[in-house]
Amino acid sequence: MITWGISANSHDAALAVFTDEGLEFASHSERFSGVKNDAHLNDKLIQYAKQWGEPDEVIWYERPLVKTLRQFRAGQGLRFKENNISRYLRQYGISAPIRYTDHHLAHAATGFYTSPYDEATVVCIDSIGEFDTLTIWNARGSKIKKAYKQGYPHSVGLWYSAITQRIGLKPQEDEYILMGMAAYGDPDRLYKDILNDFLIQKKDLPIVFKRNLHRGCLDWRPDLTTEQDMFDIAAATQKVYAYILKQVFEKAVKVSDSKNLVLMGGCALNCSANHIAHDYFDNVWIMPNPGDAGSAIGSVLAHKKLHMPMEHVFTGYNIEGEYPVEEALQELLTTGIVGVANGRAEFGPRAFGHRSLLADPRGADIKDRVNAIKRRQKFRPFAPAVLEEHAATYFDGHVGPFMQYTATCKDPGLPAIIHGDGTSRVQTVSSLQSVGFRKLLERWYEETGCPILLNTSLNIKGMPIVNTIEDAKAFEEHYGVKVCT
């Protein structure tokens, strides 16, 4: 039995392949099309997925008819043609029977069934599903039951995206840049303004907004125009988000008695605020691809009720061959920067060593050099990959293998991986995630005494992460960085 899970026709499309043996493949569509955050499937992705055979069934990540109703109520017209999924899939030659699942249930299933827990509280926060924008679930065994919901238009995700657009960034894509900008702003200067202008403040959920932010907020405070204004808006937004998140968790502990938390939805990528979860729960799992793309996996798990604890995210396109440990090491020792494209690609927005641009974190000019290669703003931070057993020596705070938290860096001698607020988005590396990348870090430590490498995704701003060996060669040729395969 071959089952495909698909999340597409909105933004950041993805496809997952399951056989009777379990998950065989999962990838973002953008990696095959070359279009950043590609909303649609493409023939290259589908042909790659078919190496496991034609699908016997397709599980779609949301209910299109319910979504059509919400779009109509939101004044977007009737979009029956756009939301006709059978017709949509036929254009790609997919004719297998289709089953559907609720958008937020797909999020919840993605998180719970990939977690190490038998029971958990599941919190999903995103922009919008069919109608739901925030849900809390009780999960136990094979059952996931909704305990709380709030719906459109009151959406934490839509508000965060609207502010992203207000400061000149692309909504539904550049929210992580807003999060990075927050480190350079004054969180108190505009905190009360944002709180009072957008939120009806209450002591309990639901989170109620004063306006429908699906339409954005470009008209808010037109007097704020300078670069520092944008930094201050970002900082205040991040502080308000933390305030909202505390309210959500306070509600969650009231409607569920589990001390295990699973946090899902696009908002779960907010690594600067995720530490708050540990104030309310003993254990926290955030699936490394918690947004809509991850629901390509979750849609299938929701139907199969299949527990599949996830230790790594290397489920994408395979560049075969032994991990280039010594070749990459020598390039790092010589130039300080190297690309690596080897093995199965990561499923999710972050690179963990298989499609990475790596650098010596100790050099004063490394951050500027890497930002120049990636065509990024100079204030953008980079993440450290650290040998797991050395993490506590260098970082204070919650850390893990999937860059889901920021922690205070205790060593000022690592300027390339320290953000403006003194924190780092840490990746701990053990052999459970990648034997090859772990070996490269070990060899780097042997040669330099430093157990850390700067790790960022192997792409430039506005482009998807390198996928194939041809992509790797093109990156090396165009940007003058050696890429080891």
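Residues numbered from 1 in each chain as written. Predicted model: local features only at pLDDT ≥ 70, side-chain atom pairs only at ≥ 80, totals over all residues. Heavy atoms only, no water.

Concerning the overall build of the protein chain
Across its full length, the protein chain holds 15 helices and 23 strands. Taking 2.2 N^0.38 as the reference for a compact globule, 485 residues should give roughly 23 Å; the C-alpha atoms of the protein chain span a radius of gyration of 22 Å, in line with that estimate. Dimensions of the protein chain along its principal axes, counting C-alpha atoms only, are 60 × 55 × 40 Å. Out of the 485 residues in the protein chain, the part that is buried amounts to 61%. Sequence-distant contacts in the protein chain: of pairs separated by 6 or more residues, those separated by 24 or more amount to 69%. For the protein chain, the computed accessible surface area is about 18,800 Å², with 49% contributed by carbon and sulfur atoms. Of the charged side chains in the protein chain, 54 are positive and 58 negative; the average position of the first set lies 7 Å away from that of the second. (Helix = DSSP H or I, 4+ residues; strand = E, 2+ residues; numbered from the N terminus. Rg over C-alpha atoms; globule rule 2.2 N^0.38 Å. Buried < 20%, exposed > 50% of the residue type's maximum accessible area, 1.4 Å probe, protein only. Contact = heavy atoms within 4.5 Å. Areas by Shrake-Rupley, 256 points an atom, 1.4 Å probe, with all protein chains shown as cover. Lys, Arg positive; Asp, Glu negative; His and termini not counted. Charge placed at Lys NZ, Arg CZ, Asp CG, Glu CD.)

Comments concerning the pairing of strand β16 (residues 355-359)
For β16, the buried fraction is high: five of the five residues fall into the buried class. Here strand β14 (residues 337-341) pairs with β16 via five bridges, running antiparallel. Across the sheet, the residue bridging to I337 is A359, located in β16. Here β16 runs beside strand β22 (residues 452-457); their pairing, made up of four bridges, is antiparallel. The partner of L358 across the bridge, within β22, is N455. (Pairing = 2+ DSSP bridges.)

Thoughts on the sheet that holds strand β11 (residues 260-264)
Spatially, five strands are ordered β8-β7-β6-β11-β12 in an open sheet, and the strand pairing comes out mixed. Strands with a single pairing partner mark the edges of an open sheet, and in this sheet they are β8 (143-151) and β12 (283-285). Neighbouring strand axes in the sheet, compared pairwise and without regard to direction, differ in orientation by 20° on average. Sheet strands touched by helix α9 (residues 227-255): β6 (119-125), β7 (132-140), β8 and β11. Its angle to β7, the strand with the most contacts, is close to 35°. (Axes fitted to C-alpha atoms, helices over the stretch in contact; angles between N-to-C directions.)

Here's the deal with the side chain of R380
Along the polypeptide, R380 turns up in the loop between α12 (366-374) and β17 (383-387). Of the side chains bearing the opposite charge, D174 lies closest to the buried R380, which forms no salt bridge; the N-O distance is 6.7 Å. Only 2.9 Å separates the side chain of R380 from the side chain of Q377, close enough to count as a polar contact. If near-sequence neighbours (up to four positions away) are discounted, R380 is found in contact with Y176, I177, K367, N371 and K461. (Salt bridge = Lys/Arg side-chain N within 4 Å of Asp/Glu carboxyl O. Polar contact = N/O pair within 3.5 Å; in protein donor to acceptor, adjacent residues only side chain to side chain.)

Here we look at the pairing of β11
With five of five residues buried, β11 lies mostly within the body of the structure. Here β11 shows two buried faces, one formed by N260, V262 and M264 and the other by L261 and L263. Pairing of β6 with β11 involves four bridges; the strand directions are parallel. Paired with T121 across the bridge in β11 is L261. Both β11 and β12 contribute to a ladder of three bridges, which runs parallel. Note on β12: the bridge partner recorded for V262 is W285.

What about a nonpolar patch on the surface?
A cluster of nonpolar side chains, L65, L69, F72, L78 and F80, forms an exposed patch at the surface whose accessible area comes to about 540 Å². Residue class for L65 comes out exposed when judged on its relative accessible area of 63%. (Patch = residues over 30% accessible without salt bridge, like charges linked within 9 Å, V, L, I, M, F, W, Y side chains within 5 Å.)

Observations concerning the packing of aromatic side chains
Per the counting criterion, the structure on display carries 21 aromatic pairs. Ring plane angle 50° and centroid distance 5.3 Å describe the contact between F25 and Y48, whose orientation is recorded as tilted. A residue pair is termed long-range when its members are at least 10 positions apart, and F25 in strand β3 (residues 22-28) and Y48 in helix α2 (residues 43-49) qualify at 23 residues. You can call F25 buried: its relative accessible area is 0%. What makes Y48 buried here is its relative accessible area of 17%. Pairwise contacts between aromatic rings join F25, F32, Y48, W52 and Y317 into one cluster. The positively charged end of K239 is found above the aromatic ring belonging to Y191, 4.6 Å away from the centroid. (Phe/Tyr/Trp six-rings, centres within 6.5 Å; stacked < 30°, edge-to-face > 60°. Lys NZ or Arg CZ within 6 Å of the ring centre and 35° of its normal.)

A look at the pattern of salt bridges
Following the criterion strictly, the structure yields 22 salt bridges and no others. E57 serves as the salt-bridge partner of R99, at 3.1 Å between the closest nitrogen and oxygen. Of this pair, R99 sits in strand β5 (residues 98-100) while E57 sits in strand β4 (residues 57-60), and the two are 42 residues apart along the sequence. Given a relative accessible area of 39%, R99 falls into the partly exposed group. Assessed through its relative accessible area of 9%, E57 is described here as buried. Here K170 makes a salt bridge to E173, at a shortest N to O gap of 3.2 Å. On the accessibility criterion, K170 (47% relative accessible area) is partly exposed.

Remarks on the sheet that holds strand β1 (residues 3-7)
With mixed pairing, five strands are arranged side by side in an open sheet as β3-β2-β1-β4-β5. Where the open sheet ends on each side, the last strands, each with one partner, are β3 and β5. Pairs of neighbouring strands in the sheet enclose a mean axial angle of 20°, with direction left out of account. Looking at chain direction, β1 and strand β2 (residues 14-19) are connected through five bridges and run antiparallel. Residue pairing for β2: W4 is matched across the bridge by V17.

Quick look at the packing of helix α5 (residues 103-114) against helix α10 (residues 295-304)
Relative to each other, α5 and α10 sit at 85°, their axes nearing to 7 Å. By the criterion of interaxial angle, the relationship of α5 to α10 is roughly perpendicular. Residue-level inspection shows L105, A106, H107, A109, T110, Y113 and T114 of α5 in contact with α10, the latter providing S295, G298, S299, L301 and A302. Looking at the contact of α5 with α10 residue by residue, the classes come out as six nonpolar, six polar and no charged. (Parallel < 35°, antiparallel > 145°, perpendicular 65-115°, else oblique. Nonpolar A, V, L, I, M, F, W, Y, C, P; charged D, E, K, R; others polar.)

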